[in-house]
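Notes for the structure review
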Amino acid sequence: AAGVIQSPRHLIKEKRETATLKCYPIPRHDTVYWYQQGPGQDPQFLISFYEKMQSDKGSIPDRFSAQQFSDYHSELNMSSLELGDSALYFCASSLAGVVYEQYFGPGTRLTVT
Amino acid sequence: DAKTTQPPSMDCAEGRAANLPCNHSTISGNEYVYWYRQIHSQGPQYIIHGLKNNETNEMASLIITEDRKSSTLILPHATLRDTAVYYCIVRPFTNAGKSTFGDGTTLTVKP
């Protein structure tokens, strides 16, 4: 079965640079979530989109922005990168309904040097 | 979202059942219990969810107490590949219910 696709899988950037992470949800899924997992930490919710509209917002820095496009894929844009942004970034998708599960992608490992 | 409490770590012998408890005493009526696991550095994996009835799928069984204040995830025949951090998450079934991960149980399956 098709899974959530994230690209790139690995990304190395320098401080103050920008980065764009992409997420392609499972076909027919209409909701996308972004999570950040720092070294030795649990995944932390950043932001979510339902039908291309932001539906919830967590601890996402102002330097980060995200959007969901008409084909339901999503992009997380990160500017003025800091060393502390080095983390695994997971995207998850789900099909909104009465009860639903979130399916996570393999993650993008961002390293800021 | 209701807060959950899980033991920080558990061991299980390979081939035996692994029973992972979770307390969620402040759960409200519209909140479901979800279980996810994360194998080292991989994306969290959905396991099972339930509202008030016991549930079973190909991966695990979920037992929810009658008062819904606690639950137990059961892996019937644990394998080495089941070694992971297991998260019990309680959240309502809204259109954009974020998952709040924290304080999961590290299950180590030993040969």
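The following paragraphs examine the structure supplied in this document. These numbers come from a predicted model, not from an experiment. (Residues numbered from 1 in each chain as written. Chains lettered and ligands numbered in written order. Predicted model: local features only at pLDDT ≥ 70, side-chain atom pairs only at ≥ 80, totals over all residues. Heavy atoms only, no water.)

1. Section: the overall build of chain B
- Within chain B one finds zero helices and nine strands.
- Taking 111 residues into account, the globule formula puts the C-alpha radius of gyration at 13 Å, and chain B, at 13 Å, falls close to it.
- Viewed in the frame of its principal axes, chain B has a C-alpha envelope of about 40 × 30 × 25 Å.
- Relative to its 111 residues, chain B shows a buried fraction of 46%.
- Put simply, 58% of the contacts in chain B that link residues at least 6 apart link residues at least 24 apart.
- Element-wise, carbon and sulfur atoms account for 50% of the exposed surface of chain B, whose accessible area totals about 5400 Å². (Helix = DSSP H or I, 4+ residues; strand = E, 2+ residues; numbered from the N terminus. Rg over C-alpha atoms; globule rule 2.2 N^0.38 Å. Buried < 20%, exposed > 50% of the residue type's maximum accessible area, 1.4 Å probe, protein only. Contact = heavy atoms within 4.5 Å. Areas by Shrake-Rupley, 256 points an atom, 1.4 Å probe, with all protein chains shown as cover.)

2. Some thoughts on the environment of Asp103(B)
- Considering the arrangement of structural elements, one finds Asp103(B) in the loop between β8 (84-92) and β9 (105-110).
- Residue classification places Asp103(B) among the exposed residues on the basis of a relative accessible area of 52%.
- Spatially, the C-alpha atoms of Asp103(B) and Tyr87(B) are 7.4 Å apart, while their sequence positions differ by 16 residues.
- Beyond its immediate sequence surroundings of up to four residues, Asp103(B) is in contact with Asp42(A), Lys3(B) and Gln6(B).

3. Examining the packing of aromatic side chains
- Applying the stated criterion to the full structure yields 12 aromatic pairs over all chains.
- Judged by centre distance (5.7 Å) and plane angle (70 degrees), the rings of Tyr35(A) and Phe45(A) are edge-to-face. Of the two residues, Tyr35(A) sits in strand β4 (residues 31-37) while Phe45(A) sits in strand β5 (residues 44-50), which places them 10 residues apart along the sequence. Taken as a pair, Tyr35(A) and Phe45(A) share a single burial class, namely buried.
- Three or more aromatic residues joined by ring pairs make a cluster, and in this case those are Tyr35(A), Phe45(A), Tyr103(A), Phe104(A), Tyr32(B), Tyr34(B), Tyr36(B), Tyr46(B), Tyr87(B) and Phe101(B). (Phe/Tyr/Trp six-rings, centres within 6.5 Å; stacked < 30°, edge-to-face > 60°.)

4. Let's talk about the interface of chain A and chain B
- Of the residues lining the interface, 26 residues belong to chain A; the matching set on chain B comes to 22 residues.
- In this assembly, chain A packs against chain B so that about 1900 Å² is buried in total across both faces, 52% of it on carbon and sulfur atoms.
- If you look at where chain A meets chain B, you find zero salt bridges.
- Those elements that provide at least two residues to the side of chain A that touches chain B are β4, β5, β6 (53-57), β9 (87-94) and β10 (103-104) of chain A. (Buried area = accessible area lost by both parts, 1.4 Å probe. Salt bridge = Lys/Arg side-chain N within 4 Å of Asp/Glu carboxyl O.)

5. Description of the sheet that holds strand β4 (residues 45-50) of chain B
Residues and elements named next belong to chain B.
- If you walk across this open sheet you meet the five strands as β1-β9-β8-β3-β4, and the pairing is mixed. Whereas interior strands pair on both sides, the edge strands pair on one side only; in this sheet they are β1 (9-13) and β4. When strand polarity is set aside, the average angle formed by the axes of neighbouring strands in this sheet is 25 degrees.
- One ladder, built from eight bridges, connects strand β3 (residues 31-38) with β8; its direction is antiparallel. In the sheet register, Gln38 faces β8, and the bridge partner there is Val85. (Pairing = 2+ DSSP bridges. Axes fitted to C-alpha atoms, helices over the stretch in contact; angles between N-to-C directions.)

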